[in-house]
Amino acid sequence: MKKKKKGHPFRLFLICWLVCLALLLAVGLKRFHAFLLDYEVNYTLSLPAAEMDRVMEQLTTANAAGISNLVTTMPPAAEGESDEDLVNALLEFLDSHPLSYSAAESDDNAACYHILSEGRVIGEAELRISPLETLPYGLPSWYLSTLEFYELPAAG
């Protein structure tokens, strides 16, 4: 008589082990992917250009009080012009001219950017790494240290 073959317990164990390993690997890869996405977002926010984008957005949408709080050095005032007139002229200029920026010099703790209007440098912003605040993963957080406007081009 021929004996009936029994199922091999080792094969069953191996199949179960491979399925469990594949599931663990899938869960691990999903978590790693979520970590990478979160790190990418925080890394992008840790670049000085991200803070400069925020500053430029504030310049184009700010009111007189917001501009006064941002700007550390205003353009020189004409004779008989008050600080309020100067802020209003700056607001009018910022509202009517497109702004952009370009990187100037930078080092490990500071980044300098030129503020441009129609290809002409009209100001300068200096960003520094915050000693008090960091982003997740120990990434640096930048803040606006100084914002200076030079003489604005004549409207025309």
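Residues numbered from 1 in each chain as written. Predicted model: local features only at pLDDT ≥ 70, side-chain atom pairs only at ≥ 80, totals over all residues. Heavy atoms only, no water.

K.L.:
For this particular structure, what's the right way to read unusual backbone geometry?
P.N.:
Glycine aside, a negative phi is what most residues show, and trans is what most peptide bonds show. With phi around 55 degrees, glutamate 118 is a residue other than glycine that occupies positive phi space. Among the structural elements, glutamate 118 can be located in the loop between β2 (110–117) and β3 (120–134). Of note, the phi angle at tyrosine 137 is positive, near 70 degrees, even though the residue is not glycine. (Helix = DSSP H or I, 4+ residues; strand = E, 2+ residues; numbered from the N terminus.)

K.L.:
Help me out: how do you make sense of the pattern of salt bridges in this one?
P.N.:
Pairing is possible between side chains of opposite charge, provided their charged atoms come close. This structure, assessed with the given rule, holds two salt bridges. For the salt bridge of arginine 128 with glutamate 126, the shortest nitrogen-to-oxygen distance reads 2.8 Å. (Salt bridge = Lys/Arg side-chain N within 4 Å of Asp/Glu carboxyl O.)

K.L.:
I would appreciate a short explanation of the sheet that holds strand β1 (residues 99–106) in the present structure.
P.N.:
Across a sheet, strands are paired by hydrogen bonds formed along the backbone, either parallel or antiparallel in direction. Taken together, four strands build an open sheet; the order of strands is β1-β2-β3-β4 and the sheet is antiparallel. What marks the edges here is a single partner per strand, and that holds for β1 and β4 (140–149). For this sheet, the mean angle separating the axes of adjacent strands, direction not counted, is 30 degrees. Pairing between β2 and β3: eight bridges, direction antiparallel. Opposite tyrosine 113, over in β3, you have alanine 125 as the bridge partner. Sitting on the sheet, helix α2 (residues 48–61) touches β1, β2, β3 and β4, and the angle it makes with β1 is about 145 degrees. (Pairing = 2+ DSSP bridges. Axes fitted to C-alpha atoms, helices over the stretch in contact; angles between N-to-C directions. Contact = heavy atoms within 4.5 Å.)

K.L.:
I keep staring at the side chain of serine 130 and nothing clicks. Help me out?
P.N.:
Take serine 130: it is sitting in strand β3. There is a polar contact of 3.2 Å between the side chain of serine 130 and the backbone nitrogen of leucine 132. If near-sequence neighbours (up to four positions away) are discounted, serine 130 is found in contact with Ser141 and Tyr143. (Polar contact = N/O pair within 3.5 Å; in protein donor to acceptor, adjacent residues only side chain to side chain.)

K.L.:
What is the right way to look at the nonpolar core in this model?
P.N.:
One recurring pattern in soluble globular proteins is that nonpolar side chains are buried together. Ranked by internal contacts, the top residues of the largest apolar core, which has 23 residues, are Leu59, Leu94, Ile115, Leu147 and Phe149. Mapped onto this core, the elements with two or more residues apiece are α2, α3 (64–70), α4 (83–96), β2, β3 and β4. No other element matches α4, which puts five residues into this core. (Core = buried A, V, L, I, M, F, W, Y, C linked by side-chain atoms within 4.5 Å. Buried < 20%, exposed > 50% of the residue type's maximum accessible area, 1.4 Å probe, protein only.)

K.L.:
Sorry, what's going on with the environment of phenylalanine 149 here?
P.N.:
With respect to the helices and strands, phenylalanine 149 occurs in strand β4. Residues phenylalanine 149 and threonine 72, spaced 77 residues apart in sequence, show a C-alpha to C-alpha distance of 8.5 Å. Those residues within four positions of phenylalanine 149 in sequence are excluded, and the remaining contacts are Leu59, Val71, Thr73, Met74, Pro75, Leu90, Leu94, Ile115, Ile122 and Gly123.

K.L.:
Looking at this structure, how should I read the pairing of β4?
P.N.:
Within a regular strand, side chains alternate between the sheet's two faces. Two elements, β3 and β4, share eight bridges in a ladder whose sense is antiparallel. Residue pairing in the sheet places threonine 134 in a bridge with proline 140 of β4. The antiparallel pairing of β3 with β4 creates a hairpin that spans five residues between the two strands, and tyrosine 137 there sits at a positive phi of about 70 degrees.

K.L.:
Hey, could you run me through the pairing of β1 in this one?
P.N.:
The sheet contact formed by β1 and β2 spans six bridges and is antiparallel. Bridging across to β2, leucine 99 finds its partner in serine 117. In this antiparallel pair of consecutive strands, β1 and β2, the connection spans three residues.

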